[in-house]
Number of protein chains: 2
Amino acid sequence: MNEEKEELEIEEENEPLTTERLKELIDAKDVKSIRDIFVVVPDIDSAVAANDLEPTDLIYLFRCVKPADTATFFDELNQEAKENLVKAMTDRELVQIINTQSVDDVTDVVGEMPANLAQRVLKAADKDMRADINLLLNYKEDTAGSLMTTEYLEFKDTTTVEEAIDAIRKRGKDAETIYTLFVRDKNREFVGTVDLDDLIFSKKDQLLSEIMNQDVVSVKTDTDQEEVGQMFRRYDLNALAVLNQDDRLVGIITIDDAVDVMTEEQSEDFARMTNMEPTEKPYMELTAWENAKKCIPWIVTLLILGTFTTMVLNRLESQTIFLNLPILIAFVPMLMDTGGNAGGQTTGLMIRSLALGEFGPKDVLKVLFKEFRSALIVGASVASFSFLWLMIEQYSGIVSDVKNFPGINIWAGNCWTADFAIHSLRNAGLVGLTMFSAVVASKMIGTLLPMGAAAIKKDPALLSQPLLTTIMDVTTLMIYFSLALAFFPHLA
Amino acid sequence: MNEEKEELEIEEENEPLTTERLKELIDAKDVKSIRDIFVVVPDIDSAVAANDLEPTDLIYLFRCVKPADTATFFDELNQEAKENLVKAMTDRELVQIINTQSVDDVTDVVGEMPANLAQRVLKAADKDMRADINLLLNYKEDTAGSLMTTEYLEFKDTTTVEEAIDAIRKRGKDAETIYTLFVRDKNREFVGTVDLDDLIFSKKDQLLSEIMNQDVVSVKTDTDQEEVGQMFRRYDLNALAVLNQDDRLVGIITIDDAVDVMTEEQSEDFARMTNMEPTEKPYMELTAWENAKKCIPWIVTLLILGTFTTMVLNRLESQTIFLNLPILIAFVPMLMDTGGNAGGQTTGLMIRSLALGEFGPKDVLKVLFKEFRSALIVGASVASFSFLWLMIEQYSGIVSDVKNFPGINIWAGNCWTADFAIHSLRNAGLVGLTMFSAVVASKMIGTLLPMGAAAIKKDPALLSQPLLTTIMDVTTLMIYFSLALAFFPHLA
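Below or above, wherever it landed, is the structure these notes cover. (Residues numbered from 1 in each chain as written. Chains lettered and ligands numbered in written order. Predicted model: local features only at pLDDT ≥ 70, side-chain atom pairs only at ≥ 80, totals over all residues. Heavy atoms only, no water.)

## Let's talk about the packing of helix H4 (residues 43–50) of chain B against helix H6 (residues 67–76) of chain B
Residues and elements named next belong to chain B. Look at H4 against H6: their axes get within 8 Å of each other, and the N-to-C directions meet at 60°. Classified by the angle between their axes, H4 and H6 sit oblique to one another. As for how H4 packs across H6, the hand of that crossing is right-handed. Listed contacts from H6 to Asp43, Ile44, Ser46, Ala47 and Ala50 of H4 are Asp69, Thr72, Phe73 and Glu76. Looking at the contact of H4 with H6 residue by residue, the classes come out as four nonpolar, two polar and three charged. (Axes fitted to C-alpha atoms, helices over the stretch in contact; angles between N-to-C directions. Helix = DSSP H or I, 4+ residues; strand = E, 2+ residues; numbered from the N terminus. Parallel < 35°, antiparallel > 145°, perpendicular 65-115°, else oblique. Left-handed = near helix turned anticlockwise from the far one by under 90°. Contact = heavy atoms within 4.5 Å. Nonpolar A, V, L, I, M, F, W, Y, C, P; charged D, E, K, R; others polar.)

Structure (structure tokens):
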């Protein structure tokens, strides 16, 4: 027995809390252990383990936990578990839990609930909160308004430090943050912020207007959430002021929500770059079907777009030049890949830099010029390398021009003829020059597609990659064919 | 005159501060305007504008600014501007500015400086700071140790709330954050944190051990910075404890540094996914040459890897089956693209989920099974679609099998023969089945490559994409060829 107990303890120390462990404790009605767990295990970890419990177990667990822990625990559960809990709670429990939650969090939950549950939650919320939830629900998704909370501390600029500290003691518990206080002037316009540490280090009779930061930034309720992330990143903020069209403060966004938004935006760009539909669900919660559904539309779109390539290649391969020089066909995938890769690099760089706000659509000429110069360097390097590489490929017999030079091979020693040398140089030169043109064209198009999308306020990541591939595949083939005619006029 | 002034004011309101504007004010020796700018413009914005000033203008600007603003302004400058300033400062100025900086920020600057400048900075730092800088410089890049600062507030768990508040008033100005306080027990082991708001709302005689959070997380000095980002994201932290091997607190990481790390890690993954070398420099600061240097190695690597494809295609195209059915060649790019795209989706999903810590290498079987089921769904859908699409392509004449059916076309009305139907069905079936196999194989390899890399503690994004493309191009070709022999035995 003793040994088993020791083993259990070791397990608890090292292993993360699991759903099975919670289920055991619930079945054993071991309230003490459950409470102990909630003291030492972070709420998100216990919530993740609890998400998969049956509703009856979940409500039992919820009722075991000390009231001090229930609020954050509830907040960290996933939507499904929250809905199950709301269904199972008594009216009294619901009133209690909802009114300890942040307005923005309740709003998010309500926004995704079936109407009857949402009604129940709204009824449970006290009058002020209900009004705020209804207000917040009106803001468009992915805007600052939909991210913000209305629970913040705002003071007149004529407030003294002492008055502010008293107010924090009284009203601070309901605020989303007390580390940043917001200051308005007599016209009720937002004019600055006071950090809590500055407040603590100031004299009691100083006015907030004397100690506040005036070099502050803010967003409007309709600002895109990507820009919100950029502001937090650039200005190292703890909280950001959200203003209405009259420059009055109507809400704030806190750093924890901003971090979530940055992660979400990044995942979205990442998904788009790899031709998938973005999703907010974590991978482990996706079903195989949901996962497949994110893939199919884009593969099919790319397949349809790929028809142009098939068409062009189908037409070209029956041209005399390709019938006389089947070796040229063997280089087609490599040429297309290189064009696609070079353009993909640029597209990726554009999408990422636009997302980080490193430049905007207005900088298009500057960026295009820089990419053009880079493209010349990359194109020249890659073309020179591929020229040498193709010579090696041909002389070593890695690829062979069987139709024109059957059986030629460095190992057979029969490759040292002027004819073969000239022919090989032509092949290598053709591929090298095609590669140079493809790299330069591809990097230009790879710049213009995302910049153009950003200019018309579309997601730069949305169509750039698939369109780039299609345009480049066809362009590369056309360049290749035209140059082939010029390089081998006697075989065309 | 009046009109011009008004215009200027409007400009200041809307336009961001530019290097040119600063230069004007410096040339005019307009100290008052410069000081005013520093009150209302956030430090990062004035620093960005100042980065491009000549060293003599920069030091002039620096000397104009009120001492209260110089510390953060200096901190926000880029490395080059900081080095220029350090060169131009008097010893006295240097001592002053260095000792108002955070230890971690000075360490970062010193770490990248030429030795002689670094020596000067270290000499200017006071004894404690110098010791801390030397300590921090020892930690490996990209670990928690290299991110942390040694300036934090730590208390014994027997400290009272009142004592803690007094200590904050006295020592808090030097700390990186006062919003999170760190608590140790009598063995000097880290046991919890106290949030400043909990402190403010507690009774004066309560002990920190009574009010502290015990459900805290921490990292070790050698923890990878990616994991640090995951902790901040998961636990909504303001500051994270960094422990040594004896579980004693040796430093903390604050949210602003964590946000920078998350952004850096994301940009790195993004660059790798698009086959580029990552860089920490913002795009606008990159020269065309630096930009090209990030692209060339990967394009060349991919080109070399592409040799296998060229080789295989070169061998296959002279096989009887392809000589008899040149139309099959026209579908090669589409098949390769589809395989590559399907695998790229999975690789991207793996890389992103691993980066966010949604699963780890130990979950490989669970993930592989989920991807396998998804792959069957995606493969079947795409294959069915491509089957239909190819029938349309063939009957409409978008692609034509000139060698076997010259001049056939729906518009010419000569395509309604049993021979053509059977042949078209065979083509479509062959491509559909190849597509199904390519999608499934590609998604399996796309899962295994990044998971395998993570298992051996390599960056999952590093080689996955290029290797996937190469493996899939060759695999797809081999599947296609084998199936072609089975579908068209009479033409082989």
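## Concerning the interface of chain B and chain A
At the junction of the two partners, chain B supplies 113 residues and chain A supplies 113 residues. Both sides of the chain B and chain A interface together cover about 9,900 Å² of buried area, and 66% of this is carbon and sulfur. When the buried area of chain B at its contact with chain A is split by residue, Tyr179, Phe270 and Tyr283 of chain B rank highest and sum to 8% of it. Remark: the boundary between chain B and chain A carries two salt bridges. Our count for the chain B to chain A interface comes out at 47 residue pairs in polar contact (both at pLDDT 80 or more). Looking at which element gives the most residues to the side of chain B that touches chain A, the answer is helix H18 (residues 288–316) of chain B, with 20 residues. (Buried area = accessible area lost by both parts, 1.4 Å probe. Salt bridge = Lys/Arg side-chain N within 4 Å of Asp/Glu carboxyl O. Polar contact = N/O pair within 3.5 Å; in protein donor to acceptor, adjacent residues only side chain to side chain.)

## Thoughts on the sheet that holds strand E1 (residues 154–156) of chain B
Residues and elements named next belong to chain B. Spatially, three strands are ordered E1-E2-E3 in an open sheet, and the strand pairing comes out mixed. Both edges of this open sheet fall to E1 and strand E3 (190–195), since each of them pairs with a single strand only. The sheet shows a mean angle of 35° between the axes of neighbouring strands, direction not considered. Relative to E3, strand E2 (residues 180–184) runs antiparallel, the two sharing five bridges. Bridging across to E3, valine 183 finds its partner in glycine 192. (Pairing = 2+ DSSP bridges.)

## A look at the pattern of salt bridges
Residues and elements named next belong to chain A. For the structure on display, the rule yields 26 salt bridges over all chains. Between aspartate 91 and arginine 120 there is a salt bridge whose closest N-O contact spans 2.9 Å. Taken together, the positions of aspartate 91 in helix H8 (residues 91–98) and arginine 120 in helix H10 (residues 115–124) put the pair 29 residues apart, joining distant regions of the chain. Judged by relative accessible area, arginine 120 falls into the partly exposed class, the value being 24%. (Buried < 20%, exposed > 50% of the residue type's maximum accessible area, 1.4 Å probe, protein only.)

## Section: the side chain of glutamate 154 of chain A
Residue and element names in this part refer to chain A. Position of glutamate 154 relative to the elements: it lies in strand E1 (residues 154–156). Take glutamate 154: its relative accessible area is 18%, and that puts it in the buried class. Side-chain polar atoms of glutamate 154 contact the side chain of arginine 184, separated by 3.4 Å.

## So, empty space enclosed by the protein
Taken as a whole and assessed by the stated rule, the structure comprises eight cavities of 30 Å³ or more. Roughly 680 Å³ of internal volume is contained in the largest cavity. Lining the largest cavity are 33 residues, with Asn341, Gln465 and Thr469 of chain A together with Asn341 and Gln465 of chain B positioned closest to its centre. Looking at the lining of the largest cavity, the elements with two or more residues in it are helix H18 (288–305), helix H22 (332–355) and helix H25 (460–487) of chain A together with helix H21 (332–355) and helix H24 (464–487) of chain B. Along the lines of polarity and charge, the residues of the lining of the largest cavity split into 10 nonpolar, 19 polar and four charged. (1 Å grid on protein atoms, 1.4 Å probe; cavity = no way out; pocket = protein on both sides within 12 Å on 5 of 7 lines; lining within 4 Å. Points joined across faces, edges and corners; volume = space filled by probe spheres on them.)

## Description of the relation of the copies chain B and chain A
Note on the identical chains: chain B maps onto chain A by a rotation of 180° and an axial translation of 0.0 Å, with an RMSD of 0.0 Å. Here the two chains are linked by the operation of a two-fold rotation axis. Looking at chain B, 100% of its interface residues are interface residues in chain A too, so the copies touch through the same face. (Least-squares fit on C-alpha atoms with pLDDT ≥ 70 in both.)

## Things to note about unusual backbone geometry
A positive phi angle, near 60°, is found at lysine 457 of chain A, a position not held by glycine. Of note, lysine 457 of chain A is situated in the loop between helix H24 (418–455) and H25. Of note in this structure, arginine 188 of chain B is not a glycine but carries a positive phi near 65°. In this structure, arginine 188 of chain B sits in the loop between E2 and E3.

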